[in-house]
Amino acid sequence: MDPLRHDTSSQSVKDTSFEVEDVYEDDELTLQQSNGFAEADVFSLQEQQPTSRDDTKVAVDQKAPHRSSSPTHRLRLSLNERQLRAVTFPLQSQLQILAGPGTGKTKTLISRVIFLLSQGVHPSNIIVTTFTVKAANEMRERIAAMVGPSVASRLVLGTFHSIARRYLIKYGYLIGLPTGFQIADETDALHFIQSVMKEVDPESDKNDCRHARNAISNMKSRAIQPSSLSALEYTTQEMMQVYSLYQGKLAEANFLDFDDLLLKCMELLRTNPLVVSNIQAVLVDEFQDTNVVQYQLMKLFAARRSNITIVGDPDQSIYAFRAAESTNLMRMRQDFQDTSVVSLEENYRSSGHILNAALAVIQQDTERIQKTVLPNHDEGHMPVFFPARNPYIEARHIVKEIQRLIDLSCGMLKPHDFAILVRSARLTRPIESELTKAGIDYRIVGGFRFWEREEIKLLVNYLVVVKSRRSPALLDIINSPRRGIGSVMQAALLNHANAYQVPIWDAIQRAIDGQVRVNAKVRSSLKQFVDIITEAERLVQDSSRETPLADALDYLITALDYKEALRKDRGDTWAARWENVTDLKEHIRYFCATAPDPELPDIDGVEGTKAADDVLSRFLATVNLAPSEAESSAFDPTMVLTISTIHGSKGLEWPVVFIPGVYEGSIPHALSLAKEVDLAEERRLLYVAMTRAKGENI
C-alpha cells in the first residue's frame, strides 16, 4: 500500500465509535458538565452502546440526553463523508487535510479537536495553531460552545507567536532568557535598527533602515543566525554586522522581536524537549502559510508522539513575501513517510460558474498539487469580465453595477453584501471617489489599527516605558505632550548616553542631578517626566488594587492633562481622538477583569519558572500580537460596502465581489512576470479573490 494514503479509498477509520472521557484526573475537569457534552454521543457511526467501563470510560447513563438532541451528535450529522473521515482519523498519525475555499475547513478542524477530547486527550495536551489572532479567538469560542469554556480554555490554542511566548514565559530561563522580556513591535524594531545603522553607516536613511529590517526578518524566518556562514548567501557582510548589532541591542534592553519569539522557542524545544513531552496532538491551520521556523516548531511540538493534523490549501498560498513556504506540504510528506491525505472537495460558498472560472485560473500551474473542488450550489451566473480603458471608467462601472444589482434585487442586496478587492491600496482612489459621489458608504479594510492611532499609541508607549525603561519608546514620549524637551535636548541626552555607554533613562537622571548641562526649565520638565513614570510604575505594581493597570492609565491621562493636550493640538479631530482614549480605558478595565490563559501544565523532571506573567506584560503582549485592522474589522457588523486588499480578504466571503485592476502589471504584478514561481503566486492571489464570491464575480 502506498505510504501516502489518500482519501479516494473506501476504507473506514479504525474505530468510529467512542465515548467522552469521564474525568481528567489532575484537575477534576469533566466534559460531562460542559454544555451537554455527554458521554458516548459524539460522531458515533454505529448506534451501539458500550456495555462495560474501565477507569477512564463510562457506559451511557440511562438519563443521558437522547442522541438526536446532543449538540455533538448534531455536529456529526453536519459533516459530509470526507469531513467525517478527516475528523475521525486515528490518533498517532500524520494527517494532511487539503481544504479548498468554502469547503468547511474550520468546522472540520474544530470537530477534529472535539474528537481528540472525546478520545481522552486532555485539552492542555493539545496544541492548535492558527494564522491570526482573530482565527484563534473564533475557534476558541466555537469549541467552547461545544464543550464549555472551562475545557476550551485549557487548550494550548493561538498563533505560533502567542504559543511561543507562553512557553518562553515559563521555560525561557532554561536557555538563559531573562524574565520580564518584552516584545518589540515594528516601531521598536526600527528604532533599534536606526541606532545600529548610524554606527555602521552614518549616511543611512529611513529607507535603508526599513530594508535592513526586512532583510533581517527574512533571514530569521529561515532560521539563519548572524553567526551562520550560510547567511552570506542571502546578504552582505555589512548587513550581517547590522544583524549582529541589532540582536545585541535587543538583548541589552531585554526585548525580543516577533521573529525571535519563534527562534527562541525553537531553541528551547531543541535543547529541552521535555517541556513538550506532554503534548499528544498538534493541529495547524493555514499550513500553506507557515514558514521554515514554524514548520520546525510544529515538528518539535509533536516530537514525542508525532500526532499531527494540518489543514491547508496550496492554491491559497499568497504570503511568500512574508517568507511563507507552500513547499512545507511536500516537506511534511518527506519527513513523515506515513502521512495520509484527505481532500475536502465540496465547496459550500461559490456558485458553479464562479468555481469553474477560478479553477481555470489556478489549474494553469502545472507544479501545483492536483486536487478537485466541486460546487455544492447550482451553476449561477457566469463571472463577468469588463474591459475598461482606464481606472476612472472602471470605477464608474463598478458603482453603476452596484446600484443596478441593488435595484434588481428590490433592496434584498444591501451595500454590505458587496466587496471590492484590489491588488494594492493605491488602486482604491478613483473607486472611493465614485462611491462618495453616489452616496454609498464604505469602509477600507487595512487602515490604521486601533493600537496604531496616534493618541492610543502614545499612551501605550507610556505603559511600555513604565514596564521597561530601556525601551526605545522613551524618546517617543519624552516630549509628548509637549513639555519643552525638544530635539536639541533629546540629541544631547542621546549623545551623553552613547558617550558613557548608559541607557537614555540614566542620562535623564544625570541631567536632573546636574551631571548633564541643562537649563532649569528643562531640568524641571525632566523631573516631572520621571515622576510620572515612577508613580505609574508604583500603581501598576500595587497588588492591593483591584485594577492596577486601569488605575495607572487613569493616572497617566490625568497627569498628562491629556484631554486638554488633545484639544489644543488636534483641532477639530480632538473629540474623536478623545473618544478613542475613552475606548482604551474601557478596554483595559475589561482586560483587567478577564482571566489570563491557564498556565502550561507542569512537567515531571523540568521546573517551570514561577515568575508571574504580570498584567502589564500580558496587556502589552496582547497589543503587539493583536490582529491588524484587516483582521479585526472583517467581523465588524457594519452595514457598509467593503474595500479590501486581496490579502486582507482571505477567509471572508460576500454575495457579490468586484476585482478591479486585473491586467498585466497589476494582476499579475509587474515584478512577478520574470519568474514562473512568482507568476504562480499571482494566479493563487486571483484564485483567492474570485472564490470570495458567492453569487456574482465581476
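Residues numbered from 1 in each chain as written. Predicted model: local features only at pLDDT ≥ 70, side-chain atom pairs only at ≥ 80, totals over all residues. Heavy atoms only, no water.

Just to check I follow, could you spell out the packing of helix α8 (residues 206-221) against helix α10 (residues 258-271) for this structure?
When two helices pack together, you describe them by how their axes are tilted relative to each other and by the distance separating the axes. Contact geometry of α8 with α10 gives a least axis separation of 10 Å together with a crossing angle of 20°. Between α8 and α10, the interaxial angle falls into the category roughly parallel. Relative to α10, α8 is oriented so that their crossing is left-handed. Residues Arg213, Ser217, Lys220 and Ser221 of α8 form the contact with α10, whose participating residues are Asp259, Asp260 and Leu263. (Axes fitted to C-alpha atoms, helices over the stretch in contact; angles between N-to-C directions. Helix = DSSP H or I, 4+ residues; strand = E, 2+ residues; numbered from the N terminus. Parallel < 35°, antiparallel > 145°, perpendicular 65-115°, else oblique. Left-handed = near helix turned anticlockwise from the far one by under 90°. Contact = heavy atoms within 4.5 Å.)

Could you clarify how one ought to interpret helix α18 (residues 487-500) in this entry?
Since the α-helix advances by 3.6 residues per turn, residues separated by three or four positions end up pointing in the same direction. Under the 1.5 Å per step criterion, the end-to-end length of α18 is 20 Å for 14 residues, consistent within 8% with the ideal 20 Å. Met489, Gln490, Leu493, His496 and Ala497 are the residues of α18 that are buried. Seen from one end, α18 has its buried residues packed into an arc of 125°, which puts them on one side. Exposed residues on α18 whose side chains face more than 90 degrees from its buried face are Ser487, Val488, Asn495 and Ala499. Elements in contact with the buried residues of α18: α17 (474-477), α19 (504-512) and α20 (520-540). (Expected span 1.5 Å × (residues − 1). Buried < 20%, exposed > 50% of the residue type's maximum accessible area, 1.4 Å probe, protein only. Arc of directions from axis to C-beta.)

Would you explain the nonpolar core in this entry?
For soluble globular proteins, nonpolar side chains are generally found buried alongside one another. Residues Ile508, Leu526, Phe529, Tyr562, Leu584 and Phe619 are the most contacted members of the largest nonpolar core, which totals 56 residues. Each residue touching leucine 526, except ones within four places of it in the same chain, is listed here: Ile478, Ile485, Leu493, Ile508, Ala511 and Ile512. If you look at the next biggest cluster of nonpolar residues, it comprises 47 residues, including Ile308, Phe336, Leu600 and Leu625. (Core = buried A, V, L, I, M, F, W, Y, C linked by side-chain atoms within 4.5 Å.)

Would you take a moment to explain the sheet that holds strand β1 (residues 94-99) for this structure?
Backbone hydrogen bonds hold the strands of a sheet together, and the pairing may be parallel or antiparallel. Spatial strand order, β3-β2-β6-β7-β1-β8: six strands in an open sheet with parallel pairing. Pairing within the sheet leaves two strands with one partner each, and these edge strands are β3 (156-159) and β8 (340-344). Going across the sheet, the axis of each strand differs from the next one's by a mean of 15°, ignoring polarity. In this structure, strand β2 (residues 126-130) lies alongside strand β6 (residues 281-284), joined through four bridges in parallel fashion. Bridging across to β6, valine 128 finds its partner in leucine 283. Running over the sheet, helix α3 (residues 105-118) touches β1, β2, β6, β7 (308-312) and β8 and is turned about 170° from β6. The strands touched by helix α11 (residues 292-301) within the sheet are β2, β6 and β7, with β6 carrying the most contacts at an inclination of about 160°. (Pairing = 2+ DSSP bridges.)

Even after reading the chapter, I still don't get the packing of aromatic side chains, so can you show me in this structure?
The way to describe two aromatic rings as a pair is by their centre distance and the angle between their planes. Evaluation of the coordinates by the stated rule reveals nine aromatic pairs. When the centroid spacing of 5.8 Å and the interplanar angle of 75° are considered together, the rings of tryptophan 451 and phenylalanine 619 count as edge-to-face. With tryptophan 451 in the loop between β12 (442-445) and α16 (454-467) and phenylalanine 619 in helix α24 (residues 615-624), this residue pair connects regions lying 168 residues apart in the sequence. Here the two residues tryptophan 451 and phenylalanine 619 agree in accessibility, since each one is buried. The rings of Tyr167, Tyr171 and Phe301 are connected pair by pair, giving a single aromatic cluster. The lysine or arginine in question, arginine 331, covers the ring of tyrosine 295, its NZ or CZ lying 6.0 Å from the ring centre. It is arginine 510 that lies over the ring of tyrosine 500; its NZ or CZ is 5.4 Å from the centre. (Phe/Tyr/Trp six-rings, centres within 6.5 Å; stacked < 30°, edge-to-face > 60°. Lys NZ or Arg CZ within 6 Å of the ring centre and 35° of its normal.)

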